[in-house]
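# Report on the structure
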Amino acid sequence: KKPSDKNQDKPTYVLGNYYVGDFTVQVGAFKDKENALNLKNKLAKVYGDVDVVIYESNQGIFYRVRVARCKTLDEARQYEKRLETHGFPNAIVVAR
């Protein structure tokens, strides 16, 4: 092989921009769907865009309550801080 061909067999890593994408803020996760829907309705009065997402695990089905659809991590963090100051200390930013 020519010296320039040596690098063709090595994997190439491309750095990603982890600050831009599709983010949301998870406010709670419940085994009881009714509890998730109650929280969704409460949050929707203030935040508007609230979803309940079903998650299946070894421990059963969970209903995750998520607020906002953000295109940047900074925007999602602003929602997270706002939720924390409004009584939701366990709010966490997650990728959608």
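Residues numbered from 1 in each chain as written. Predicted model: local features only at pLDDT ≥ 70, side-chain atom pairs only at ≥ 80, totals over all residues. Heavy atoms only, no water.

## With respect to helix H2 (residues 73-85)
To keep things clear, this is the line we draw: Secondary structure is summarised from DSSP: a helix means a run of H or I of at least four residues, a strand means a run of E of at least two, and numbering begins at the N terminus for each. Expected helix span is given by 1.5 Å per residue-to-residue step, counting one fewer step than there are residues.
A rise of 1.5 Å per residue sets the reference length of H2, with its 13 residues, at 18 Å; its end C-alpha atoms lie 18 Å apart and thus fit the reference within 8%. Looking at the residues trailing H2, positive phi occurs at Gly87, about 95 degrees.

## Comments concerning helix H1 (residues 33-47)
Threshold: Only protein chains enter the area calculation, which uses a 1.4 Å probe; residues under 20% of their type maximum are buried, those over 50% are exposed, and those in between are partly exposed. It is the directions from the helix axis to the C-beta atoms whose arc is reported.
Over its 15 residues, H1 extends 20 Å from the first C-alpha to the last, a length consistent with the 21 Å expected when each residue adds 1.5 Å. For H1, the set of buried residues is Ala36, Leu39, Leu43 and Tyr47. Looking straight down H1, one finds that the buried residues subtend no more than 70 degrees of arc, so they occupy a single side. Opposite the packed face of H1, turned more than 90 degrees from it, sit the exposed residues Lys42 and Lys45.

## Overview of the pattern of salt bridges
What counts, and what does not: Here a salt bridge means any side-chain nitrogen of Lys or Arg lying within 4 Å of a carboxyl oxygen belonging to Asp or Glu.
For the structure on display, the rule yields four salt bridges. Between Arg96 and Asp22 there is a salt bridge, and its shortest N-O distance comes to 3.4 Å. A residue pair is termed long-range when its members are at least 10 positions apart, and Arg96 in the segment after strand S4 (92-95) and Asp22 in strand S1 (residues 20-30) qualify at 74 residues. Classification of Arg96 as partly exposed rests on a relative accessible area of 44%. Arg69 serves as the salt-bridge partner of Asp49, at 3.7 Å between the closest nitrogen and oxygen. Taken together, the positions of Asp49 in the loop between H1 and strand S2 (50-57) and Arg69 in strand S3 (residues 60-72) put the pair 20 residues apart, joining distant regions of the chain.

## Here we look at the pairing of S2
Our working rule: A pair of strands is considered paired only if DSSP assigns at least 2 bridges between the two.
Alignment of S2 against S3, held across eight bridges, turns out to be antiparallel. Paired with Val53 across the strands is Arg64, a residue of S3. Between S2 and S3, which pair antiparallel and follow one another directly, the connecting turn spans two residues.

## Focus on the environment of Ile92
The criterion, for reference: Contacts are assigned to residue pairs with any non-hydrogen atoms lying within 4.5 Å of each other.
You can see Ile92 is positioned in strand S4. On the basis of relative accessible area, Ile92 is assigned to the partly exposed category, the value being 44%. Distance from Ile92 to Gln26, taken between C-alpha atoms, is 5.3 Å for residues 66 residues apart in sequence. If near-sequence neighbours (up to four positions away) are discounted, Ile92 is found in contact with Thr24, Val25, Gln26 and Glu80.

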